[in-house]
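Structural overview
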Amino acid sequence: MSRTFNLADLFELVVDTVPDDEALVCGERRFTYAQLDERANRLAHVLTERGVAAGDMVGVHLYNGTEYLETMLAAFKIRAVPVNVNYRYRQAELRYLFDDAGVTAVVTEADLATDVREALDGGPRAVTVLERGDAYEAALRAASPARDFGDRSPDDLYVLYTGGTTGMPKGVLWRQEDIFFAALGGAAGGTELARPADLVERVTARGARCLPACPFMHGTAHWLAFSTFFTGGTVVVSPDRHLDAGALWQLVDDERVASLVIVGDAFARPLVDALAAAPDRWDLSALSVILSGGAILSPVLKATLLELLPAVIVVDGFGASETGGQGQMVATPGVSGDHPRFTMNSETTVLDDELRPVAPGSGVVGHLARRGRIPLGYHNDPAKTAATFPVVDGVRWAVPGDMATIEADGTITVLGRGSVSINTGGEKVYPEEVESALKAHDDVFDAVVVGVPDDRWGERVAAVVAPRDPASPPSLETLAAHVNRTLAGYKVPRELVLVHEIVRSPSGKPDYRWAQRTAGDAIAAAG
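Scoring rules and cut-offs
- Residues numbered from 1 in each chain as written.
- Predicted model: local features only at pLDDT ≥ 70, side-chain atom pairs only at ≥ 80, totals over all residues.
- Heavy atoms only, no water.
- Helix = DSSP H or I, 4+ residues; strand = E, 2+ residues; numbered from the N terminus.
- Rg over C-alpha atoms; globule rule 2.2 N^0.38 Å.
- Contact = heavy atoms within 4.5 Å.
- Axes fitted to C-alpha atoms, helices over the stretch in contact; angles between N-to-C directions.
- Left-handed = near helix turned anticlockwise from the far one by under 90°.
- Nonpolar A, V, L, I, M, F, W, Y, C, P; charged D, E, K, R; others polar.
- Pairing = 2+ DSSP bridges.
- Phe/Tyr/Trp six-rings, centres within 6.5 Å; stacked < 30°, edge-to-face > 60°.
- Buried < 20%, exposed > 50% of the residue type's maximum accessible area, 1.4 Å probe, protein only.
- Salt bridge = Lys/Arg side-chain N within 4 Å of Asp/Glu carboxyl O.

Moving on, we get to the overall build of the protein chain. Within the protein chain one finds 16 helices and 27 strands. Relative to the compact-globule value of 24 Å for 527 residues, the protein chain shows a C-alpha radius of gyration of 23 Å, a close match. The principal-axis extent of the C-alpha atoms belonging to the protein chain is close to 65 × 55 × 50 Å. Here the analysis covers contacts within the protein chain between residues at least 6 apart in sequence; of these, 66% occur between residues at least 24 apart.

Following this line, the structure appears as structure tokens:
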């Protein structure tokens, strides 16, 4: 079989290069590359025997574990398309996603299987359901371990369903070759591999050990997992279904993890608190990088992490489902950065409202955009595809909605999603900027900022805050004064709503729809 820039082909190339190296660790399970490949082969045969064919969508409705990555690999091997499914979805949400994707199979958890079957009941097609656990393992044992699949193509599909925090989830469709170079390490160091066989040179015996702490259903986690596979490294998976900061630090210690992957302050805050409470409890000497993807870390937490772990580099990675990885912001001791200013790849820039490049240093706020290796579009949504992936002077761009400015030195300051920006008296307020300022206050554990209706200004800024000590919460006046020290007056919160906990997706991203309802209800109740 000839090797192409196909994800299954590339994985098998790594397997054949370092078959006995450790590929995947989760709890008591430890699989070499050869063992993981065999399990994926067996699952691929199981799916084939159950009617899954090339191009079919396979729902991956699982918590983190070896089975998640096995299912993705198995689907790729038979040219099927794994679909990330949020395990928090209820029946109506599952029904929408299953119908939109047109799944022909779903691999799920035993405790979630009832919802899956009821969501599929009465659907337009027969869908096979395989439950993780005894049934899954029995099916694998009975299946062939042979790697006897046909030729594949770099045009085979990869799909990533968006989180749906500001609307219904949409499937972003990629060619596998493009997602490999855009997000899975194919262009490491800024240079694309010339041919698949060159991957062998990047595969090192006993490569780096990476722990993606966020759910695999979130692109950041499985992007980093596959990037690790494509260097011959080891993916370490926490078997816990909820974030336990102490247990996670212990896993970093036990497994000598070099790279820890998290999503924003929702992960960083409890990790910082646990480490500050017991700084000498864990041996973290192997840890060299903490990477946050999908949400930008607040400067105060980055500074605290660097103080607690001075030998570690803290990196904010920037990208989106519609763009892949675009750039990084690196923090080192003494240089944690007060603003989200990123060094982006050569294909990323800022476009104005007419979709023309913004002049560096002009101060113009525009749309962050990427060309080159970008998706084919959205599954089943040509109108949204045309809007998000416009063609300008023969160049196709991905413009998913982030607003930004390009600085004189070419770095890009990211302001946030335009879809959640607040218009107060004609001034634009980007929630992430205000949230970062709020979370720098000692009495704030977590915060989300939204706009609420205002008769005079159209909208005013409201802060939904989870205090560090609910018995002694901060006042609106205190927080407003704190924010006003670093931000313009029109960005200062005019309303404060206190909650016990900020609702976020499993990936750590804030649920702005929940925050909008919560703020609106609280303000209405207060008259």
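There's plenty left to go through after this.
The contact between helix α2 (residues 33-49) and helix α3 (residues 66-77) brings their axes to 8 Å, and the two run at 60°. In this structure, α2 meets α3 at a crossing whose hand is right-handed. Listed contacts from α3 to Leu-36, Asp-37, Arg-39, Ala-40, Asn-41, Leu-43, Ala-44 and Leu-47 of α2 are Glu-70, Thr-71, Leu-73, Ala-74, Ala-75 and Lys-77. Class assignment for the residues of the contact of α2 with α3 results in eight nonpolar, two polar and four charged.

This part takes up the sheet that holds strand β5 (residues 103-108). Across the sheet, four strands lie side by side as β4-β3-β5-β6; this open sheet has parallel pairing. Looking at which strands have only one partner, the edges of the open sheet turn out to be β4 (81-84) and β6 (128-131). Put simply, the sheet's adjacent strands are angled 25° from each other on average, direction ignored. Sheet topology note: the strand β3 (residues 57-61)/β4 ladder contains four bridges and is parallel. Bridge pairing in β4 links Val-58 to Pro-82.

Another point: the packing of aromatic side chains. Within this structure, the stated rule accounts for 14 aromatic pairs. Taking 5.7 Å as the distance between ring centres and 45° as the angle between the ring planes, the aromatic pair formed by Tyr-68 and Phe-216 counts as tilted. Taken together, the positions of Tyr-68 in helix α3 and Phe-216 in the loop between β9 (209-212) and α9 (219-229) put the pair 148 residues apart, joining distant regions of the chain. Comparing Tyr-68 with Phe-216, the two get one shared label, buried. Members of the aromatic cluster, connected to one another through ring pairs, are Phe-5, Phe-11, Tyr-33, Phe-76, Phe-180, Phe-181, Phe-226, Phe-229 and Phe-230.

Moving on to the pattern of salt bridges. Per the stated rule, a full pass over the model turns up 43 salt bridges. For Asp-265, the salt bridge is made with Lys-439, and the minimal N-O distance between the two is 2.9 Å. Of this pair, Asp-265 sits in helix α11 (residues 264-277) while Lys-439 sits in helix α14 (residues 431-439), placing them 174 residues apart in sequence. A single burial state applies to Asp-265 and to Lys-439, both of which are buried. The network of salt bridges with common partners includes Arg-29, Arg-39, Glu-67, Glu-70, Glu-109, Asp-111, Arg-132, Glu-137 and Arg-241.

With that settled, consider the pairing of strand β17 (residues 366-371). Within β17, five of the six residues are buried, which leaves it mostly tucked inside the rest of the structure. The pairing of strand β16 (residues 348-351) with β17 spans four bridges and is classified as antiparallel. Bridging from a neighbouring strand, Thr-348 pairs with Arg-370 of β17. Bridge count between β17 and strand β21 (residues 402-406): two bridges; the pairing is antiparallel. Looking at the pairing, His-367 lines up with Met-403 of β21. With two bridges joining them, β17 and strand β20 (residues 395-398) adopt antiparallel strand pairing. Along β20, the bridge assignment pairs Arg-370 with Ala-398.

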